[in-house]
Amino acid sequence: MNKRKQISEIVFKLISGFCAYSLIGILLFIIGIIFVKGFNALSFEMISQTPKGGYYFGGEGGFLNAIVGSLYIALGATFIAIMIGTPAALFINVHLVRYKRTQNTIRYLLDSLWGIPSIVYGAFGFTLMLLMGMNASLLAGIITVALLVTPIMTRTFDEVLQTIPKGLHEASFALGSTKTETAFKILFKQGFSGFVTAILLSFGRGIGDAASVLFTAGYTDLIPTNLDEPAATLPLAIFFQLGSPIPEVRERAFAAAAVLTILILIISITARIISKRYLKTIIK
Amino acid sequence: MIFRRIAVDKTNNVWMVASLATILALPLIIGIGLYIKSIPLLEYQSAGSLVTSSEWLPSQGKFGFWPFIYGSLYVTMISFLLSAPVCVFAAIYLTQYASKRIVNIFMPIVDILAGLPSVIYGVFGILVVVPFISKYLAPIFDVSTSGYCILAGGIVLSIMSIPYMLNIMIEVFNTVPIGIKEASLSLGATSWESIKHVVVKRSIPGVISAFGLGIAKAFGETIAVMMVVGNVLKISHNPFKGGYPLPALIANNYGEMLSIPKYDSALMFAALLLLVVILLINIVFRYLIYKTQIK
């Protein structure tokens, strides 16, 4: 009997260890295969030029239009998310600090919002676009992606603001500051690491999301110079080029995938480093 | 000076309340917007018959969503069966067995996996999963397939939903007080017995919620699935055949939807269906998690 217990102990520990370590394996495998395939095809020309004539039949050029388009959309969307998400997160933690129930309900709703798939945002963005009489454009893409990332931004920032000790609020109020001053001069500074993480997280989501820009941002070979022009995006460039039967074009899709993966890795690693650095200066 | 400060405070309050209200009203606004767009279709056919009918001939005005719903359910089920056990065991390892140092190595990895864009998972599916199925897995079962099939969609989805479910599950297991596990250990139970009978048993509502949220996430995933699932409009029980999930329907047909009458309505109805199902699942299971955390 005792032996059986010992065996089951070892077996289950091994199984759970195996499951956990297989995650590292999966990550390395995904990144590895995309880098191997992508770097074989990647050249400087691809990331420095827009598509030339015959590009989609294997001709000259690169996908700079998609890289720039993605960056524009992610930047614009993150900016809107900051403008809406920051005050919302601060409001939950300053004005509602004494109403635990309301706070929890809001957090619960925000978490539920996080689960809405991006294709639904895309479809809604499309309806909104038709309603406002716009065409598929950079602006429509930015608005749609902003809707998608704002709940993420708010909830991430809020998660850090939550941990700030209540004594700091009280000290600030006792010195006679208004709620706004407490929010921006005390909480915002204390939660700055969370703010940076939230920005980078929404930026990463904005660059990588395909389903929401599919309807709204359109696709073009040019780099957009105005908000009402359509914009290409990196995920869609990968998606469309993979659909091509021509091997050279498919190779380019792998190269674009490698570029996108590098961008995402840079963003998530930077987020980690920055949030750690700012954590040191915080009053605990 | 004091007036200026008060004025700033007042304006800022308006900005804050307006922002928060916008975010919280978002699902309602999206729901209403999509509903208004799908009214032309709903006036013509009831929601119940749309969902259960399986005739999809947009040019003749026949919109039956069942093949798509079936495709989505099938892919989601495969993904759930593959990812759920891995998630439970990995979460047990990370919360019960692993040392703090190992956990600190693991968390960034889970985060990076969760942050990879879905199109990257799609590329991975095309490069690895699809050839694997057509060359190695299908011959074992004696079927021939191109590899672009429901099973491929399920496998890719399962990899995608692991980090999402795992994150929630780790949170759930961490809320179990360490004292009750120690009590079980001190009574002579082995470590695994304590985990099984105390930690897991106590977290059952949380684990079920994590499963539910993972399913909801998989149900709405678009691009990655669409790239590998074949997009074949035919109900088939064979996982080696292609399928056509609901999100793929929306994403694939946006180009032609304005040229056929009621087609755009039909696609918006599909989006509304996704929104309602996923939001409901999220609201129910998040509530369960929220309840367990308060205890």
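Values in this document were obtained by computation on a predicted structure and should not be read as measured data. Here the residue numbers are simple positions, counted from 1 along each chain's written sequence. For naming, the first written chain is A and the first written ligand is 1, with later ones following in the order written. Whole-chain, interface and lining totals are the exception, using all residues; otherwise, since this is a predicted model, local features are given only for residues with pLDDT of at least 70 and side-chain atom pairs are given and counted only at 80 or more. Note that water and hydrogens are dropped before the side-chain values are worked out from all heavy atoms of the structure.

**Topic: the overall build of chain B**
A helix here means a DSSP run of H or I that spans at least four residues, while a strand means a run of E at least two residues long, and both kinds are numbered starting from the N terminus. Counting its regular elements, chain B contains 12 helices and 2 strands. For chain B, the sequential pattern of α-helices and β-strands runs α-α-β-β-α-α-α-α-α-α-α-α-α-α. By principal-axis analysis of the C-alpha atoms, chain B measures approximately 75 × 70 × 35 Å. The contact criterion used is simple: two residues touch if any of their non-hydrogen atoms lie within 4.5 Å. For chain B, long-range pairs separated by at least 24 residues make up 73% of all intrachain contacts whose partners lie at least 6 apart in sequence. Asp and Glu are treated as the negative residues and Lys and Arg as the positive ones, with His and the ends of the chain left uncounted. Think of each charge as sitting on NZ of Lys, CZ of Arg, CG of Asp or CD of Glu. In chain B, which carries 19 positive and 11 negative side-chain charges, the distance between the mean positions of the two groups comes to 7 Å.

**Focus on the packing of helix 5 (residues 118–131) of chain A against helix 1 (residues 2–44) of chain B**
Two elements in contact, helix 5 of chain A and helix 1 of chain B, have axes separated by 10 Å at closest approach and are oriented at 65°. It follows that helix 5 of chain A is roughly perpendicular to helix 1 of chain B by the angle criterion. The crossing of helix 5 of chain A and helix 1 of chain B is left-handed. Touching V120(A), Y121(A), A123(A), F124(A), T127(A) and L130(A) of helix 5 of chain A are L26(B), I29(B), I30(B), G33(B), L34(B) and K37(B), all from helix 1 of chain B. Interaxial angle, 0 to 180 degrees, is taken between N-to-C directions of lines fitted to C-alpha atoms, where a helix line uses only the stretch in contact. Convention used here: angles under 35 degrees read as roughly parallel, angles over 145 as roughly antiparallel, angles from 65 to 115 as roughly perpendicular, and any remaining angle as oblique. Left-handed describes a crossing whose near helix is turned anticlockwise from the far helix through less than a right angle; right-handed describes the clockwise counterpart.

**As for the side chain of R107(A)**
Residue and element names in this part refer to chain A. Structurally, R107 can be placed in helix 4 (residues 100–114). Type-normalised accessible area, obtained with a 1.4 Å probe on protein chains alone, sets the label of each residue: buried when under 20%, exposed when over 50%, and partly exposed for intermediate values. On the accessibility criterion, R107 (7% relative accessible area) is buried. Polar contact is the term for a pair of N or O atoms within 3.5 Å; when the atoms are in protein, one must be able to donate a hydrogen and the other to accept it, and sequence-neighboring residues count only if both atoms are side-chain atoms. Polar side-chain contacts of R107 include one of 3.3 Å to the side chain of N93. Not counting the four nearest positions on each side in its chain, R107 is found in contact with I92, N93, R155, D158 and Q162.

**Describing the environment of G38(A)**
Residue and element names in this part refer to chain A. Within the secondary structure, G38 sits in helix 1 (residues 2–41). Accessibility expressed as a relative area gives 0% for G38, which makes it buried. Considered as a pair, G38 and R252 are 214 residues apart in the sequence and their alpha carbons are 7.7 Å apart. Ignoring anything within four residues of it in the chain, the contact list for G38 reads F254, A255 and A258.

**So, the interface of chain A and chain B**
Taken together, the contacts link 79 residues of chain A with 76 residues of chain B. Every case where a carboxyl oxygen of Asp or Glu lies within 4 Å of a side-chain nitrogen of Lys or Arg is listed as a salt bridge. For the interface between chain A and chain B, the tally reads 3 salt bridges. Of the charged contacts in the structure, one is a salt bridge between D111(B) and R272(A), with a shortest N-O distance of 2.5 Å. The element best represented in the side of chain A that touches chain B is helix 1 of chain A, accounting for 20 residues. Three residue categories are used. Nonpolar comprises Ala, Val, Leu, Ile, Met, Phe, Trp, Tyr, Cys and Pro, charged comprises Asp, Glu, Lys and Arg, and polar comprises the others, including Gly. Each residue belonging to the side of chain A that touches chain B can be placed in one class, and the counts come to 51 nonpolar, 19 polar and 9 charged.

**Remarks on unusual backbone geometry**
If you check the backbone angles, N231(B) has positive phi at about 50° while not being a glycine. Checked against the element boundaries, N231(B) lands in the loop between helix 10 (223–228) and helix 11 (246–253).

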